[in-house]
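Descriptive structure summary
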Amino acid sequence: MVENNQINNETIKQTPLAHKNKIAKILTIIAWIIYISSFILGIVMGNQEVTYLGDIGPETSNQFVFTITLTYWAAGLVSGTLFLAIAEIIKLLQTLVDHQK
């Protein structure tokens, strides 16, 4: 038997009210913006213009530096995942509040 003050996994279900939490939606949108922008920025910032002294004079060339790209991608992955985790926590807390009403 489940007492009134105990809530197990079977009684907690996602309700439509839990998806109406504006803060959770905003945090989820921010997380996806971080994912997309860090992916694009990683590629853009990984393309480096290198100037070196050639036979005739200074010459430039574009090089792709994969470590810079990975740095942006890793930072975006960690940041976006933290925002998604906080959004999920808020959704679960909203579900608990809705079931207590």
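Further up the page is the structure itself.
Rules of the game
- Residues numbered from 1 in each chain as written.
- Predicted model: local features only at pLDDT ≥ 70, side-chain atom pairs only at ≥ 80, totals over all residues.
- Heavy atoms only, no water.
- Phe/Tyr/Trp six-rings, centres within 6.5 Å; stacked < 30°, edge-to-face > 60°.
- Helix = DSSP H or I, 4+ residues; strand = E, 2+ residues; numbered from the N terminus.
- Buried < 20%, exposed > 50% of the residue type's maximum accessible area, 1.4 Å probe, protein only.
- Expected span 1.5 Å × (residues − 1).
- Contact = heavy atoms within 4.5 Å.
- Polar contact = N/O pair within 3.5 Å; in protein donor to acceptor, adjacent residues only side chain to side chain.

Considerations on the packing of aromatic side chains
A complete count under the given rule lists four aromatic pairs for this structure. Centroid distance Phe39 to Trp73: 5.3 Å. Interplanar angle 10°. Geometry classified as stacked. Highlighted residues: Phe39 in helix H1 (residues 22-46) and Trp73 in helix H2 (residues 66-100), separated in sequence by 34 residues. Residue Trp73 is classed as partly exposed on the basis of its relative accessible area, which comes to 27%. For the ring pair Phe66 and Trp73, a centre distance of 6.1 Å and an interplane angle of 85° mean the geometry is edge-to-face. Residue classification places Phe66 among the partly exposed residues on the basis of a relative accessible area of 45%. Site record: aromatic cluster; members linked through ring pairs are Phe39, Phe64, Phe66 and Trp73.

Things to note about H1
The terminal C-alpha atoms of H1 lie 36 Å apart, and with 25 residues this matches the ideal 36 Å at 1.5 Å per residue to within 8%. Those residues of H1 that fall on the buried side of the exposure criterion are Ala24, Leu27, Thr28, Ala31, Ile34, Tyr35, Ser38, Gly42 and Gly46. In the core, the buried residues of H1 are packed alongside strand E1 (47-53), strand E2 (58-64) and H2. With a side-chain oxygen positioned 3.1 Å from the backbone nitrogen of Ile23, the residue opening H1 is Asn21.

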